[in-house]
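# Understanding the architecture of this molecule
One letter stands for each residue in the lines below.
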Amino acid sequence: MSKESKGKIPKLFAGSVNDLTKPSKPKKEKEREDLKHQKKQKTLYISLDINKKLIELYGDEGRRQSIIVEDAVNLYYYLRQALGEKKFDELMSAVRKEDPEFLREYLGKFRL
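Everything quoted here is computed from the prediction, not taken from an experiment.

### Some points on unusual backbone geometry
Across the chain, the bulk of peptide bonds are trans and the bulk of non-glycine residues have phi less than zero. One non-glycine residue, Glu98, adopts positive backbone phi at about 55°. Mapped onto the secondary structure, Glu98 falls in the loop between helix 4 (65-96) and helix 5 (100-108). Among the residues examined, Glu98 registers a relative accessible area of 54% and is labelled exposed.

And the structure:
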């Protein structure tokens, strides 16, 4: 030990004891939800074709892509529940043809 440091207590913390013992500030609930939402969005992988369709929808409707994706997921989920597996699979095969006229005719069979 050198002469200068002999007898000196090193300074570790400039605040008071109260600062050391008070609880940390809780994160706002909204911040937590936003972090979860952002994490979920980062794990969404889509094809280039779907991305083109999203961009087109975004341009037509002026909405964020995330809102469009949420609407699509809700539509998919509730149609699947409402129609049942067999009817839903038929509907999805009609959608995969990517022919709007055919889909209009197909959906015309359903009466709500």
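### Structural notes on the confidence of the model for the protein chain
Taken as a whole, the protein chain shows an average pLDDT of 77; of its residues, 61% reach a score of 70 or greater. Across the protein chain, the element-wise mean pLDDT spans from 61 in helix 2 (residues 29-42) up to 90 in helix 4.

### A few points about the packing of helix 3 (residues 48-61) against helix 4
Contact geometry of helix 3 with helix 4 gives a least axis separation of 10 Å together with a crossing angle of 110°. Relative to helix 4, helix 3 is oriented roughly perpendicular. Between helix 3, through Asn51, Leu54, Ile55, Leu57 and Tyr58, and helix 4, the contact on the second element is made entirely by Gln65, Ile68 and Val69. Class assignment of the residues belonging to the contact of helix 3 with helix 4 gives a composition of six nonpolar, two polar and no charged.

### Some points on helix 4
One turn of the α-helix equals 3.6 residues, which is why residues spaced by three or four share an orientation. Along its 32 residues, helix 4 runs just 21 Å from first to last C-alpha, ending more than 12% under the 46 Å computed at 1.5 Å per residue. Within helix 4, the full set of buried residues consists of Ser66, Ile68, Phe88, Leu91, Met92 and Ala94. The first or second residue beyond helix 4 is Glu98, which carries a positive phi of 55°.

### What about the pattern of salt bridges?
Any two side chains of opposite charge can pair, so long as their charged atoms come close to each other. Evaluated as defined, the whole model comprises six salt bridges. When the shortest N-O distance is used, the salt bridge between Arg63 and Glu61 registers 2.9 Å. The class of Arg63 is partly exposed, set by a relative accessible area of 26%. The partly exposed category is assigned to Glu61, whose relative accessible area is 41%. Two residues, Arg80 and Glu85, come together in a salt bridge whose shortest N-O distance is 3.1 Å. Among the residues examined, Arg80 registers a relative accessible area of 35% and is labelled partly exposed. Classification of Glu85 as partly exposed rests on a relative accessible area of 44%. Here the salt bridges do not stand alone but share partners, grouping Asp49, Lys53 and Glu98 into one network.

Rules behind the numbers
- Each chain carries its own residue numbering, running from 1 in the written order of its sequence.
- Per-residue local features are limited, in this predicted model, to residues with pLDDT of at least 70; the limit for side-chain atom pairs, both in listing and counting, is 80 or more; totals at the level of whole chains, interfaces and linings are taken over all residues.
- Just so you know, side-chain values use all the structure's heavy atoms and leave hydrogens and water out.
- Helix numbering and strand numbering both begin at the N terminus, where a helix is a DSSP run of H or I of at least 4 residues and a strand a DSSP run of E of at least 2.
- Each residue is assigned to one of three classes by its accessible area relative to the maximum for its type, calculated with a 1.4 Å probe on protein chains only: buried under 20%, partly exposed between the two thresholds, exposed over 50%.
- The quantity called pLDDT is the predictor's confidence in a given residue, expressed from 0 to 100.
- With axes taken as lines fitted to C-alpha atoms, and helix axes fitted only over the stretch in contact, angles between N-to-C directions fall between 0 and 180 degrees.
- Every angle not falling under 35 degrees, over 145, or within 65 to 115 is termed oblique; those three ranges are roughly parallel, roughly antiparallel and roughly perpendicular.
- Contact between two residues is taken to exist if any of their heavy atoms lie within 4.5 Å; hydrogens are not considered.
- Polarity classes work like this: nonpolar for Ala, Val, Leu, Ile, Met, Phe, Trp, Tyr, Cys and Pro, charged for Asp, Glu, Lys and Arg, and polar for all others, with Gly in that last group.
- Helices are assigned an expected span. That span is 1.5 Å times one less than the residue count.
- Criterion for a salt bridge: a side-chain nitrogen of Lys or Arg within 4 Å of a carboxyl oxygen of Asp or Glu.

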